[in-house]
Structures are given as C-alpha cells and as structure tokens.
Amino acid sequence: MSSSDIFIGETIGTAILILLGGGVCAAVTLKASKARAAGWLAIAFGWGFAVMTAVYISAPLSGAHLNPAVTLALAIKDDDYSNLATYWGGQLLGAMIGAVLVWVTYYGQFLAHLTDSEIVDGFMNGSLNDSAGSSSGKPPACQTPRLTSEARSRRCVWHGLI
C-alpha cells in the first residue's frame with residue numbers, strides 16, 4: 001500500500017463512518033426529524049451500517065483502520081510506525097469532513113432544534129440539569145454580564161446551550 005492509498009482510504013472511510021453514524025444520531029435526536037425518538041435500536045443499526053459501509057469502501061485502499069487507537073495498536077503489534085502519521089492524518093481529515101457534512105445536511109434541523117421555545121424554555125428553567133451550581137438556573141456561559149442580551153443569546157446557541 002502506498003502512502004497516498006492509505007491517506008485517501010482512511011479519509012474516505014472515516015468520513016463515511018462519521019457521516020452515517022453522526023447522521024443517524026442527529027436524525028433520532030433532533031425534534032424536526034421524521035426519525036425523532038426512534039430509539040437506541042435505530043442508532044445501533046445505523047452505526048453498524050456506518051462501520052460496515054466504511055470498512056467495505058476503505059479496506060481495499062488502506063486496510064480500514066478508521067480509528068487512531070486501532071492504528072496505534074497495530075503499529076505496536078507489528079513494531080512498524082512508518083505509516084502512523086499518514087493513517088492518523090487521513091482519519092483526522094475524514095472525521096472533520098464527515099462532521100461538516102452532517103452539520104450541513106442537518107443545519108436547518110439543528111437551527112430549528114436550538115431555537116425551539118419548548119427546548120429553550122426547558123433548558124433555561126433548569127430541567128436539563130446542565131445548570132447545576134447556577135443561582136439563576138441558567139448555564140454559566142449564558143450569564144456573562146458584559147455581553148448584551150443578543151450577544152449572550154448568540155453565544156449560548158453556538159455553544160449548544162440553547
């Protein structure tokens with residue numbers, strides 16, 4: 001296997017893994033999704049399909065490590081570290097590509113989910129237990145006094161807090 005085959009195989013395989021796996025989690029979690037509340041079984045089958053697809057696609061090119069821990073374990077086992085950086089670089093790039101593709105695909109639903117009054121009100125009233133230790137019931141990132149209310153709201157949305 002050449003270094004370019006390894007890099008391309010790991011990049012494509014990891015991108016597919018994250019796209020399909022992250023996609024099924026987004027579909028089951030986001031409120032506007034038709035797969036909302038499909039449950040753990042849908043997520044398990046989705047991730048299983050994601051792994052199977054990624055392995056079948058990347059195995060001929062790179063051996064389908066798809067995980068830096070697997071790559072490190074195989075390098076230690078074989079005492080061959082020559083392609084470690086190539087594998088890890090491909091996996092890192094592939095994970096970023098996959099995550100961006102999930103975000104782009106579900107952007108409208110992420111936005112709707114994070115601006116839904118039922119979700120925002122439930123969170124801000126402390127019902128999600130993420131505001132532990134806060135006297136106002138709001139997460140600490142949303143209490144910064146120096147920010148205007150609009151900037152504070154934007155900050156909370158971008159940090160996934162509302």
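One can find the structure itself at the top, above this paragraph.
For clarity, every value in this text was computed on a predicted model and none was experimentally measured.

Some words on the pattern of salt bridges
Tallying each qualifying case throughout the model produces 2 salt bridges. Put simply, Lys-77 and Asp-78 hold a salt bridge, and the shortest N to O gap is 3.4 Å. Relative accessible area serves as the criterion here: at 64%, Lys-77 is assigned to the exposed category. The exposure class of Asp-78 is partly exposed, given its relative accessible area of 48%.

Quick notes on the packing of aromatic side chains
Counted by the stated rule, this structure contains 1 aromatic pair. Measuring from ring centre to ring centre gives 5.1 Å for Trp-103 and Tyr-107, while their planes differ by 75°; the resulting arrangement is edge-to-face. Residue Trp-103 is classed as partly exposed on the basis of its relative accessible area of 40%.

Brief notes about helix H2 (residues 40–62)
Taking 1.5 Å of rise per residue, 23 residues should cover 33 Å, and H2 covers 31 Å from first to last C-alpha, within 8% of that figure. Considering bend angle alone, the principal kink of H2 is centred on Tyr-56 and spans about 30°; proline Pro-60 follows within four residues of it. Turning to H2, its buried residues number three or more, namely Gly-46, Ala-50, Thr-53, Ala-54, Ser-58 and Ser-62.

What to know about the packing of helix H3 (residues 68–78) against helix H4 (residues 84–105)
Helices that pack against each other are described as a pair by the angle of their axes relative to one another and the distance between those axes. It is the contact of H3 with H4, at a shortest axis distance of 10 Å, that shows an interaxial angle of 170°. In terms of their interaxial angle, H3 and H4 are classed as roughly antiparallel. On the side of H3, the interface is formed by Pro-68, Thr-71, Leu-72 and Ala-75, while H4 contributes Leu-84, Tyr-87, Trp-88 and Gln-91. The residue makeup of the contact of H3 with H4, split by class, is 6 nonpolar, 2 polar and no charged.

Some thoughts on unusual backbone geometry
The phi angle at Ala-64 is positive, at roughly 55°, despite the residue not being glycine. The topology assignment puts Ala-64 in the loop between H2 and H3. Its relative accessible area of 14% is what places Ala-64 among the buried residues. The phi dihedral of Asp-79 falls on the positive side, at around 55°, and the residue is not glycine. Note on placement: Asp-79 falls in the loop between H3 and H4. What makes Asp-79 exposed here is its relative accessible area of 61%.

The rules we used
Residues numbered from 1 in each chain as written. Predicted model: local features only at pLDDT ≥ 70, side-chain atom pairs only at ≥ 80, totals over all residues. Heavy atoms only, no water. Salt bridge = Lys/Arg side-chain N within 4 Å of Asp/Glu carboxyl O. Buried < 20%, exposed > 50% of the residue type's maximum accessible area, 1.4 Å probe, protein only. Phe/Tyr/Trp six-rings, centres within 6.5 Å; stacked < 30°, edge-to-face > 60°. Helix = DSSP H or I, 4+ residues; strand = E, 2+ residues; numbered from the N terminus. Expected span 1.5 Å × (residues − 1). Bend = angle between axes of the 7 residues up to and from the residue. Axes fitted to C-alpha atoms, helices over the stretch in contact; angles between N-to-C directions. Parallel < 35°, antiparallel > 145°, perpendicular 65-115°, else oblique. Contact = heavy atoms within 4.5 Å. Nonpolar A, V, L, I, M, F, W, Y, C, P; charged D, E, K, R; others polar.

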